[in-house]
Every structure is written in structure tokens, then in C-alpha cells.
Amino acid sequence: MTTVAFHFNVPDRLVYTCRLLRKAIAGRARLIVTGSADTLKLLDQDLWAFSATGFLPHCGNDANTMVIRRSPVLLVESIWVVPHHDILVNLGDLIPEGFQQFDRVIEVVGKDVDERHAARLRWKQYLNSGFDLIRHDFDQKAIV
């Protein structure tokens, strides 16, 4: 069964996601990141500028097939046709359709009131569907 973890109260969702991806890539993980087109565009820009000394390899689903297969991070609006199903990072307001095909889902939630409200609704949906949830509250610990 898919493991679902919520990372609540991150100060800056995109910066946190960059750090999360960097850590996962260092561990040789493969990730799919989903969200709105605008959010993914901003994340793409942040991934290019995140580190002056290192590159966080990633691409969108508009890249050629070879790049998509080799990229450890794929930024997509829809998760229906993706090359792997290891870890899904959700930056959207809704639960992505088809999330159950992934081993792990990570919901990244900032401090914005609307964002937190949408996350609470997703939490209830996952719980009502029988998923065990893991909560990481970053108001209570150091950021990755």
C-alpha cells in the first residue's frame, strides 16, 4: 500500500521541495513532482538556480524520451503516464488521480492559510480511503 507523508508548515514550499529533491537524488531516488503549471514553472526555475555549485537534474514531460527516462526528477501536471512510480511529491491542492500506483506520496504544505485548508481536506480524503498517514510538522523541528 502507498505510504503517504505530509510535510506541514514548511516556510517556503519551493525551496523546501528543492532541498527534498536534492536529498532524494543523493540517495539515488527517482521522483515525480506534480502540481499546477504555474507552480511547476516556478519550481523549474528554482531548481536551476538552487545551487551555484551543483545541478539538480530534472525535466518536464515535454522533454525527449531519453531525457525523461534518465532524469531522476520529472515535473508533470498529470501522473497517468510516467516512467516510474517510486516517489510522488504533490504540490497541488488536490490529491492526484492515480497516486495509488506510487510507493510513496509526499504532500508538501506551507504556512499559507488556504494551502493548509486544502491540505486538511486531502488528509481527510486519504484517511477516509484507509491510508496510514505520516505527519512531519516543521514548526516543531529543523528544516531538511
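Check the entry above for the structure.
Presented here is an overview of the structure given in this document.

## Considerations on the packing of aromatic side chains
And then number 1: Counted under the stated rule, the structure contains nine aromatic pairs.
And then number 2: When the centroid spacing of 5.1 Å and the interplanar angle of 90° are considered together, the rings of F99 and Y126 count as edge-to-face. One end of the pair, F99, is in the loop between β5 (87-90) and β6 (104-108); the other, Y126, is in helix α4 (residues 113-128), and 27 residues separate them in sequence.
And then number 3: An aromatic cluster of at least three residues, connected via ring pairs, comprises F6, F8, F99, W123, Y126 and F131.

## Things to note about the packing of helix α1 (residues 13-26) against helix α2 (residues 37-49)
And then number 1: Packing of α1 against α2 leaves a shortest axis separation of 10 Å and a crossing angle of 60°. Regarding the angle of α1 to α2, the classification is oblique. Note on packing geometry: the crossing formed by α1 with α2 is right-handed. Touching L14, T17, C18 and L21 of α1 are T39, L42, L43, D46 and L47, all from α2.
And then number 2: Classifying every residue of the contact of α1 with α2 gives six nonpolar, two polar and one charged.

## Description of α1
And then number 1: Counted at 1.5 Å a residue, the expected span for α1 with its 14 residues is 20 Å, and the 20 Å between its end C-alpha atoms agrees.
And then number 2: Among all positions in α1, only R13, L14, Y16, T17, C18, L20, L21 and A24 are buried.
And then number 3: The opening residue of α1, the one whose side-chain oxygen lies 3.1 Å from the backbone nitrogen of L14, is D12.

## Things to note about the pattern of salt bridges
And then number 1: Counted by the stated rule, this structure contains four salt bridges.
And then number 2: Put simply, R13 and E115 hold a salt bridge, and the shortest N to O gap is 3.4 Å. Taken together, the residues span a long stretch of sequence, with R13 in helix α1 and E115 in helix α4 at a distance of 102 residues.
And then number 3: Residue E115 is classed as buried on the basis of its relative accessible area of 16%.

About the thresholds
- Counting restarts for each chain, with residues numbered from 1 along the sequence as it is written.
- Local features in this predicted model are restricted to residues of pLDDT 70 or higher, and side-chain atom pairs are both shown and tallied only at a pLDDT of 80 or more, whereas totals for entire chains, interfaces and linings draw on every residue.
- Values shown for side chains rest on all heavy atoms present in the structure; no hydrogens or waters enter the calculation.
- Centres within 6.5 Å are what make two rings of Phe, Tyr or Trp a pair, Trp counting through its six-membered ring; a difference in plane orientation under 30 degrees is then read as stacked, over 60 as edge-to-face, and the rest as tilted.
- By definition, any uninterrupted DSSP run of H or I lasting at least four residues is a helix, any uninterrupted run of E lasting at least two residues is a strand, and each is numbered from the N terminus.
- Angular values range over 0 to 180 degrees, each being the angle between N-to-C directions of two axes fitted as lines to C-alpha atoms, with helices fitted over their stretch in contact.
- When an angle is under 35 degrees it counts as roughly parallel; over 145 it counts as roughly antiparallel; between 65 and 115 it counts as roughly perpendicular; any other value is oblique.
- For a crossing to be left-handed, the near helix must be turned anticlockwise from the far one by less than a right angle; the clockwise case is right-handed.
- Contacts are residue-level and defined by heavy atoms, with any inter-residue pair within 4.5 Å sufficient.
- Charged residues are taken to be Asp, Glu, Lys and Arg, nonpolar residues to be Ala, Val, Leu, Ile, Met, Phe, Trp, Tyr, Cys and Pro, and polar residues to be all remaining types, Gly included.
- Helices are assigned an expected span. That span is 1.5 Å times one less than the residue count.
- Summary of the burial criterion: residues with accessible area below 20% of their type's maximum are buried, those above 50% are exposed, and those between are partly exposed, where the area comes from a 1.4 Å probe applied to protein chains only.
- Pairs of N or O atoms are called polar contacts if they sit within 3.5 Å, as long as, within protein, a hydrogen donor faces a hydrogen acceptor (for residues adjacent in sequence, only side-chain-to-side-chain pairs).
- Think of a salt bridge as a Lys or Arg side-chain nitrogen and an Asp or Glu carboxyl oxygen that are within 4 Å of each other.

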